[in-house]
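Structure at a glance
Read off the chains here:
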Amino acid sequence: MNTSITLLLLLSLFLTNAIAFPAQKQHNKHPNNHGPASQNYRDALSKSILFFEGQRSGKLPPNQRMNWRRDSGLNDGSAMNVDLEGGYYDAGDNVKFGFPMAFTTTMLAWSVIEFGGLMKGELQNAKEAVKWGSDYLLKATAHPDTIFVQVGDPNKDHACWERPEDMDTPRNVLKIDASNPGTEVAAETAAALAAASLVFKKCDPAYSNKLLNSAIKVFEFGDKHRGSYSNGLKNFVCPYYCSYSGYQDELLWAAAWLHRATKNPNYLNYITVNGQTLGADESDNIFSWDNKHVGARILLSKAFLVQNVKSLHDYKGHADNFMCSLIPGAPGSQTQYTPGGLLFKMSDSNMQYVTSTSFLLLTYAKYLMSSKEVVTCGGVTVTPQKLRTIAKRQVDYLLGNNPMGMSYMVGYGSKFPERIHHRGSSLPSVAAHPAKIACSSGFSALYSGGPNPNLLVGAVIGGPDAQDKFADQRNDYEHSEPATYINAPLVGALAYLAHSYGQI
């Protein structure tokens, strides 16, 4: 047989086999990631969203999945003859703090905006988590030039250890208005409403418009009547959720969200004129419920990188500076890591900074990829893939790749915290113990050594100390307490990772 015929037969055989036996899809691999996934990001994503159902206040819906919880706070707002039923308890207590609740809603919405298209079957659950927050914020802003910013007396609430279903502590209602301003909570509420409006823009335009119209009015009110809510309401909001960073960061953040949601040039003009005054270029490299400067820089960098808004050119540099601060050895590096590799900002609830930073790393990497740009750290070039690698390492640590071999998400993995600082989780459920558990009676549960009877699935707690140690003690609230604002940015990060590794 001559050579040309042999080659034709081999080619024919190859094509036949290629058609009959196409390449198998790799479920644990992705073109941009080499090797199998180190965690089940899809499972973690599902649980990170489920957690919010355990934090719900108000009348629970028929499709409630965290079924050890029951209705609570049904008369919230009655102290001022307003309806403030609903919303979220912030952490392990039974107070509704409006400032961190608004930030939680903003970050849940941003997670859906950036990565909702990757969430598949979890998208509806994520949207419901956003809506539980935004519905409440609409109630809190229903009266002109007034925002109801808190329900409950934290000092009296913290003097009890009781289930939300049993709480009999005062449900005081705190508000801000023209004579008692609170610019930071007003602006964060505006940001949350604007971000949520983008989540529902296509699937529920009427609701989206309602959210956006409220956001516009609330921002105008907060900007016009400037002052910190930590001054007028100091005895009730401090030291729990004092605004330590001032309100300038929230004004910039809210204007950035309103610019994105409305495309109204007035907001771009506001940012251009006021950006420096509001701290656009400050080197406060932290992103949390209190300080939004970094988030605003990343958000505004998109307008320059992706939409080519030239007047926001400086925000690329501001965003780069934050990224450079995270990279060990890079010019501008200033972030501390534990020996096991966890980003470490503060001993109290450190994991909130881990999740918020991971989200920003992945979001900025997305913007950079879209515009074919990189991060410049002095003479060092940092690629979007490097940012994604750093974020993945942080999320992997949280999920169990750490010296303790401990997942810091309740219900995920084979070893996770069992004694979290959370009233509802640590006391018998209403189904298991229908009789009321009084204020002081619950403290025996706080100090007991046994595991919590109710799993608050998906809850991410404060995490280990600076030496990667974690004692799993219920009364150690700095390390053992979950919070909604820890989970909210993690939702987006997990959606990206689950998709990247073909798990979703």
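Throughout what follows, the structure given in this document is the object of discussion. (Residues numbered from 1 in each chain as written. Predicted model: local features only at pLDDT ≥ 70, side-chain atom pairs only at ≥ 80, totals over all residues. Heavy atoms only, no water.)

1. Quick look at empty space enclosed by the protein
- Counted by the stated rule, this structure contains 5 cavities of 30 Å³ or more.
- There is about 50 Å³ of room inside the largest cavity.
- Tallied by class, residues from the lining of the largest cavity come to 3 nonpolar, 6 polar and 3 charged. (1 Å grid on protein atoms, 1.4 Å probe; cavity = no way out; pocket = protein on both sides within 12 Å on 5 of 7 lines; lining within 4 Å. Points joined across faces, edges and corners; volume = space filled by probe spheres on them. Nonpolar A, V, L, I, M, F, W, Y, C, P; charged D, E, K, R; others polar.)

2. Focus: the sheet that holds strand β3 (residues 173–177)
- Taken in spatial order, the 3 strands line up as β1-β2-β3 in an open sheet, and their pairing is antiparallel. The two strands at the open ends of the sheet, each matched to only one other strand, are β1 (96–97) and β3.
- Where strand β2 (residues 146–151) lies against β3, 5 bridges are found, and the strand directions are antiparallel. If you follow V151 over to β3, its bridge partner there is V173. (Pairing = 2+ DSSP bridges. Helix = DSSP H or I, 4+ residues; strand = E, 2+ residues; numbered from the N terminus.)

3. Some details on the state of the cysteines
- Tallying each qualifying case throughout the model produces 3 disulfides.
- Disulfide partner of C238: C242, at an S-S distance of 1.7 Å. Since a negative S-S torsion denotes a left-handed disulfide, the C238-C242 link at about 125° is right-handed. Exposure class is identical for C238 and C242. Each is buried. (Disulfide = S-S within 2.5 Å. Buried < 20%, exposed > 50% of the residue type's maximum accessible area, 1.4 Å probe, protein only.)

4. Some points on the environment of M369
- Note on placement: M369 falls in helix α14 (residues 351–371).
- Remark: the alpha-carbon pair of M369 and Q385, spanning 16 residues in sequence, is separated by 8.9 Å.
- Beyond its immediate stretch of four places on either side in the chain, M369 contacts P384 and R388. (Contact = heavy atoms within 4.5 Å.)

5. Points about the nonpolar core
- Counting 156 residues, the largest nonpolar core has W110, M323, Y364 and L387 as the members making the most contacts within it.
- Ranked by residues supplied to this core, first place goes to helix α6 (residues 183–199) with 12 residues.
- With residues near it in sequence (within four places) discarded, M323 still touches I298, L360, L361, Y364, V375 and L387.
- Within the second largest apolar cluster, 5 residues are counted, among which are W161, L427, I437 and A445. (Core = buried A, V, L, I, M, F, W, Y, C linked by side-chain atoms within 4.5 Å.)

6. Quick notes on the side chain of S325
- Structurally, S325 is set in helix α13 (residues 314–326).
- Classification of S325 by relative accessible area gives buried; the value is 0%.
- Contact partners of S325, with chain neighbours within four places excluded, come to N285, G332, S333, Q334 and T335.

7. Observations concerning the packing of aromatic side chains
- Counted according to the given criterion, the structure contains 21 aromatic pairs.
- Between the aromatic rings of W253 and F287, the centroid separation amounts to 5.6 Å while the plane-to-plane angle is 70°, which identifies the pairing as edge-to-face. You can see W253 sitting in helix α10 (residues 248–262) and its partner F287 sitting in the loop between α11 (265–274) and α12 (293–305), a full 34 residues away along the chain.
- A residue is classified by how much of its surface remains accessible, and W253, at 0% relative accessible area, is buried.
- Residue F287 is classed as buried on the basis of its relative accessible area of 2%.
- By way of ring pairs, the aromatic residues F103, W110, F115, W253, W257, F287, F359 and Y496 are connected into one cluster.
- Across from the ring centre of W132, 4.4 Å away, lies the NZ or CZ of R56, which sits over that ring.
- The ring of Y207 is capped by K131, whose NZ or CZ atom sits 4.7 Å from the centre of that ring. (Phe/Tyr/Trp six-rings, centres within 6.5 Å; stacked < 30°, edge-to-face > 60°. Lys NZ or Arg CZ within 6 Å of the ring centre and 35° of its normal.)

8. Quick look at unusual backbone geometry
- Of the consecutive residues C238 and P239, the connecting peptide bond is found in the cis state with omega at 5°.
- Structurally, P239 can be placed in the loop between α9 (234–237) and α10.
- The backbone of K263 shows a phi angle near 60°, a positive value even though the residue is not glycine.
- For K263, the location among the structural elements is in the loop between α10 and α11.
- The backbone of N308 sits at a positive phi, close to 60°, despite the residue not being glycine.
- Here N308 lies in the loop between α12 and α13.

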